[in-house]
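If you want the building blocks of each chain, they are given just below.
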Amino acid sequence: MLQAEGSEPIKIEFDNFEHGFPEGFGPGGWGHLAYAIGIAFAAFQLVIAAWNILPSQVVRGIHVGFLLLMTFGLIGNFTAKSEFGRAAGWLIGAAGFLCGLYQWIFYADLIARDGDPTRTDLAVGTLLAVLIFEGTRRMMGLALPLMCGACLLYWFFGQYLPSPLNHRGYDFDQVITHLSFGTEGFYGVPIYVSATYIFLFILFGSFLERAGMIQLFTDVSLGLFGRTRGGPAKVAVFASGMMGTISGSGVANVVTVGQFTIPLMIKFGYRRAFAAGVEATASMGGQIMPPVMGAVAFIMAETLGVPYSEIVKAAVIPAILYFASAFWMVHLEAGKHGLVGMKRSETPSAWKALVSRWYLVLPLAALVYMLFEGFTPLYAGSMGLALTVALILGASITLGFSSTVLRYIFWIGLALVVGAVSRAGLEIVPVSCVVAGLIVLAAITRGGRRTLAACRDSLADSAKSALTVGMACAIVGTIIGMMTQTGVGTIFGGWIIGLGAKSLFLALIMTMLLSILLGTGIPTIPTYIITAALAAPALAKLGVPLIASHMFAFYYGIMADLSPPVALAALAAAPIARENPDKIGWEAMRIALAGYVIPFVFVYSPALMLQAGDPMAVRLGFYGAVALATLKALVAIGLFGVVAIGFLFTRLAFAELALASVGALCLLGDFPFSDAIGFTLAAVVVLWQWRQKSRNAVAAV
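The rules behind each value
Residues numbered from 1 in each chain as written. Predicted model: local features only at pLDDT ≥ 70, side-chain atom pairs only at ≥ 80, totals over all residues. Heavy atoms only, no water. Helix = DSSP H or I, 4+ residues; strand = E, 2+ residues; numbered from the N terminus. Rg over C-alpha atoms; globule rule 2.2 N^0.38 Å. Buried < 20%, exposed > 50% of the residue type's maximum accessible area, 1.4 Å probe, protein only. Contact = heavy atoms within 4.5 Å. Areas by Shrake-Rupley, 256 points an atom, 1.4 Å probe, with all protein chains shown as cover. Lys, Arg positive; Asp, Glu negative; His and termini not counted. Charge placed at Lys NZ, Arg CZ, Asp CG, Glu CD. 1 Å grid on protein atoms, 1.4 Å probe; cavity = no way out; pocket = protein on both sides within 12 Å on 5 of 7 lines; lining within 4 Å. Points joined across faces, edges and corners; volume = space filled by probe spheres on them. Nonpolar A, V, L, I, M, F, W, Y, C, P; charged D, E, K, R; others polar. Patch = residues over 30% accessible without salt bridge, like charges linked within 9 Å, V, L, I, M, F, W, Y side chains within 5 Å. Salt bridge = Lys/Arg side-chain N within 4 Å of Asp/Glu carboxyl O. Axes fitted to C-alpha atoms, helices over the stretch in contact; angles between N-to-C directions. Left-handed = near helix turned anticlockwise from the far one by under 90°. Phe/Tyr/Trp six-rings, centres within 6.5 Å; stacked < 30°, edge-to-face > 60°.

(A) Geometry of the overall build of the protein chain. Broken down by element type, the protein chain carries 34 helices and zero strands. Its C-alpha atoms give the protein chain a radius of gyration of 26 Å, near enough to 27 Å, the size a compact globule of 701 residues would have. Overall, the C-alpha framework of the protein chain stretches about 85 × 80 × 55 Å when taken along its three principal axes. Relative to its full complement of 701 residues, the protein chain shows a buried share of 56%. Taking all contacts inside the protein chain whose residues are at least 6 apart in sequence as the whole, residues at least 24 apart take part in 77%. By element, 67% of the accessible surface of the protein chain is carried by carbon and sulfur atoms, the whole surface being about 28600 Å². Here the protein chain carries 40 positive and 34 negative side-chain charges, and the mean point of each set is 11 Å from the other.

And the structure:
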C-alpha cells in the first residue's frame, strides 16, 4: 500500500463495495474458494479473448453467471457473521451462475423458441433479474437499482400514463424475454463489452501494476515536478493521470495513488480539502485519458460502430487540456499561498527511473501503437497482456543469472524467438507457446516461482476488480431494454430537439444537468449509457457531431463524481485527507472547472476533437481550425483558473475577476467578435497583473 514517508497506511472504509472489496478474499476456506473461482473466471475470459470458441450470447451468459457467483460469494465472505451466512451467499451466487449456464445448455432451444418462452425460461429469467438487482444493491447501494426499478415499473404500467408518456403495454413474459434472453437487456452491448474488452484491460492494468508501473509513474512525476512550485500537487496530477491510462478507474486511483499524494500535499502546506480535491480531480480525469478511458471508450465505439482508434483520437486534446487545467490550478494555488517544492534530496531522478525500468513502458506503447494501426481492442489488449507477462517472467528468470552477459543473451534470444514466430504476423498460438515456455522456465527458478504466484494473484484480483463494472453493465441493461421496446427515448429526444430549435446552448445545459443528476451516486459507465441513449441522438440531430455528442454526455457523467452532495471521488478521498467530503467536493469542482467547460468548447468547435464540421475550417483549413480551437480552450481555461483561485501574479481585485470571467465566457461563446473580445480581455488582465506585480516589487524594495 502506498503511503507518505513517515506516515502509517490509512485504512479506508465504505458503506458499500462500489469502491472495491477489501484486501483478500475472505476468511479461511471461503476465501480460498473465492480465490479459486476468481482464477477460473479470469482463465475463462483469457480463453475467450484468445480463441473465439463460443457464441457471443453464451459468453455473455457465462460472464454474468461468474459476476453473480463472485458478487454474492464475496459479499457473504466479508459481511456474514456466521458460516451459515457465508454458505447462503455462495448458494445464492451459485443460483446466479446456473442462470448464466442456462444460456449455454439451452442455447439452440432458446433460439428456436424465441418469443415463446416456457415456464422454466420465465422462472430463470425472473430469478436472473432479481439476483442482478439485489447483487447491485448490495454492492453499490440503492441509487442505481432504484433508477432501473423505476424503468421496470414504467415498462409494466406505462400504458396507464397520459399521452405522450404512455406506451401500448407489455405482458410479463414479453418483458422478461426481452430483458433476460435477448441482446437488448441484461445481455446487451454493455455486458458484451464487459465480457470482452473491459475484463481484458483490467487484467492488463493489474499485471502492469504488479510489474511496478505505479512506482515508475510516481518516481518519474516526483523527478519531473517535485522541485517546482507546488510540486507535490503536480506530482499527484501527473501520477494519477498516468495511472488512469492503464486502470481507467477514478475512485480506484484515489484510494491507491491518493494514499501517497494526499498526505504529501498536506505535508507541504496545501489545505486538506484542496489536497484531496486535487487527487479526486486528477484521478477522475484518468477516465478521459486514452487509451483505456474508464472502459467507456469501448462501449462508445461499439455503440457508434466506429473504430476504437477514432474515439481515442477524439479524446486526446480535451484530455490534455483537462490535465493542463489541473496543473494550472495547483500552480496558482501554490503561488497564492507561497508554497514551495520539495528538496532535491527528497526527489528521485526521473531519468534514472526511466533508464532502470524503461521496459515497463513497452506494453503500453505497443498497445497504443496497435490501437492506432487499426487492430481491434481485443487483439491489442491480448498482445499487450502477453508482452507484459513475458516481461515480468523474463525479468524474474534473469534475476537468477550471475552474469550481465547471460542476461543480454537471454533477452536477445527471446527477441529472436518472438521475431521468428511472428514473421507471418502475430498469431495467438505461437505467442501463447512463447508465454508457456517462459512459465516453464520461471517454474524452475526460485524468483520465478514467486513471480508466477504473483501473476496468479493478479488473475484473481482482476476478477474481483471486474465485479463493480460488470454488475453495473448488467443492471443498466434494464434501461436499454425498456427504451428499445417502449420507444420512450424518442419522447425525451423530441423535447431536447424542440429546445435546441430555439437554442442549442439550452439543449446542452439540459443534457449537462441530466448527466450530473443521473450520475449522482452512480458509476460513470451506467451514467454514460443512460444519458447517451436519452440525449446524445437528439444532440446529433441538432448538428452536433456524433462522437462529440456522446463525449459531451460522458464528460458530465464523470463530473457527477466530483459534484456534491454525493461526489463519490470526494467520499473516497475524505478518509485519507481526514476532511469533510462536501468541502472536498466543492474544491474538486473548482479545480476541475475545465471539465465543466471543455465539452461546450468541443461542441461549438468540433476541431478540438479532430472532427470535421468546424465553422472555422472553411477559412483556416482543418488544422488551422484545430490550432485555433486549442488556443481558445487554453486561454479560456487559463482565465477560469485565474478566477477560481483569485491569483495570477498577485491576488486579483473584483474588477479583474469580472474582466477575466467575461473574457473566458466570450471565448466559449459563438457570437460576432466573441473571440476578439475574449483574447483582448485576456491580454488586459495579464498585462494589468504584470503591472501590479512590478508595483508590489518596487514597493517591497
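(B) The arrangement of the environment of A607 in detail. Note that A607 resides in the loop between helix 30 (593–604) and helix 31 (617–620). For the pair A607 and A629, spaced 22 residues apart in sequence, the C-alpha separation works out to 6.5 Å.

(C) Just the layout of surface pockets, in detail. One number sums up the size of the second largest pocket: a volume of about 850 Å³. Forming the walls of the second largest pocket are 27 residues, and the residues nearest its centre are Y359, L362, L391, W411 and L414. For the lining of the second largest pocket, the secondary structure elements donating two or more residues are helix 16 (350–357), helix 17 (361–372), helix 18 (377–398), helix 19 (404–421) and helix 20 (428–443). It is helix 19 that contributes the most residues to the lining of the second largest pocket, eight residues altogether. By residue class, the composition of the lining of the second largest pocket is 23 nonpolar, three polar and one charged.

(D) Representation of a nonpolar patch on the surface within the structure. A surface patch of nonpolar side chains, amounting to about 350 Å² of accessible area, comprises V47, W51, I53 and V429. Structurally, the position occupied by V429 is in helix 20. V429 sits in the partly exposed class, given a relative accessible area of 46%.

(E) Up close: the pattern of salt bridges. Applying the stated rule across the entire model yields eight salt bridges. Between E587 and R271 there is a salt bridge whose closest N-O contact spans 2.8 Å. Residue E587 is located in helix 29 (residues 581–591), and its partner R271 is located in the loop between helix 12 (258–267) and helix 13 (272–285); the two are separated by 316 residues in the primary sequence. Note that D675 is salt-bridged to K632, the shortest N-O span being 3.2 Å. Taken together, the positions of D675 in helix 34 (residues 674–700) and K632 in helix 32 (residues 622–645) put the pair 43 residues apart, joining distant regions of the chain. Neither D675 nor K632 differs from the other in exposure class; each is buried. Several salt bridges share partner residues, and in doing so they unite R271, E333, E587 and R590 into one network.

(F) Here's a closer look at the environment of A275. As for its placement among the helices and strands, A275 is situated in helix 13. For A275, a relative accessible area of 0% translates into the label buried. Sequence separation of A275 and A588 is 313 residues, and the distance between their C-alpha atoms is 9.2 Å. Filtering out sequence-adjacent residues up to four positions away, A275 remains in contact with I262, M265, I266 and Y270.

(G) Layout of the packing of helix 15 (residues 308–337) against helix 30. Remark: helix 15 packs on helix 30, axes separated minimally by 9 Å, with the N-to-C direction vectors making an angle of 145°. The way helix 15 lies across helix 30 gives a crossing that is right-handed. Facing P318, L321, Y322, S325 and M329 of helix 15, the residues of helix 30 in contact are L593, A594, G595, I598 and F602. Of the residues assigned to the contact of helix 15 with helix 30, the class counts are eight nonpolar, two polar and no charged.

(H) Region of the structure containing the packing of aromatic side chains. Within the structure shown, the criterion is met by 22 aromatic pairs. Ring geometry for Y322 and F323: centres 5.5 Å apart, planes at 75°, overall edge-to-face. F323 gets classed as buried once you look at its relative accessible area, which sits at 7%. Judged by centre distance (6.2 Å) and plane angle (70°), the ring pair of Y556 and F600 falls under edge-to-face. Separated by 44 residues along the polypeptide, Y556 in helix 27 (residues 546–560) and F600 in helix 30 bring together distant segments of the chain.

(I) Looking closely at empty space enclosed by the protein. The final tally for this structure, using the stated rule, is two cavities of 30 Å³ or more. For the largest cavity, the calculated volume is near 40 Å³. Every residue along the wall of the largest cavity is listed here: Q45, L46, A49, A195, T196, F199, L200 and L203. Secondary structure elements with two or more residues in the lining of the largest cavity: helix 1 (28–50) and helix 8 (189–211). Of the residues belonging to the lining of the largest cavity, the class tally is six nonpolar, two polar and no charged.

(J) Just the environment of E302, in detail. Among the structural elements, E302 can be located in helix 14 (residues 296–304). Sequence spacing of E302 and A195 is 107 residues, and the spatial spacing of their C-alpha atoms is 13 Å. Setting aside residues no more than four positions away along its own chain, E302 makes contact with V189, Y192, V193 and Y197.

(K) Geometry of the packing of helix 1 against helix 8. Contact geometry of helix 1 with helix 8 gives a least axis separation of 10 Å together with a crossing angle of 115°. Helix 8 is crossed by helix 1, and the crossing has left-handed handedness. Counting all contacts with helix 1, which are made through F41, A42, Q45, L46 and A49, the residues of helix 8 involved are A195, F199, L200 and L203.

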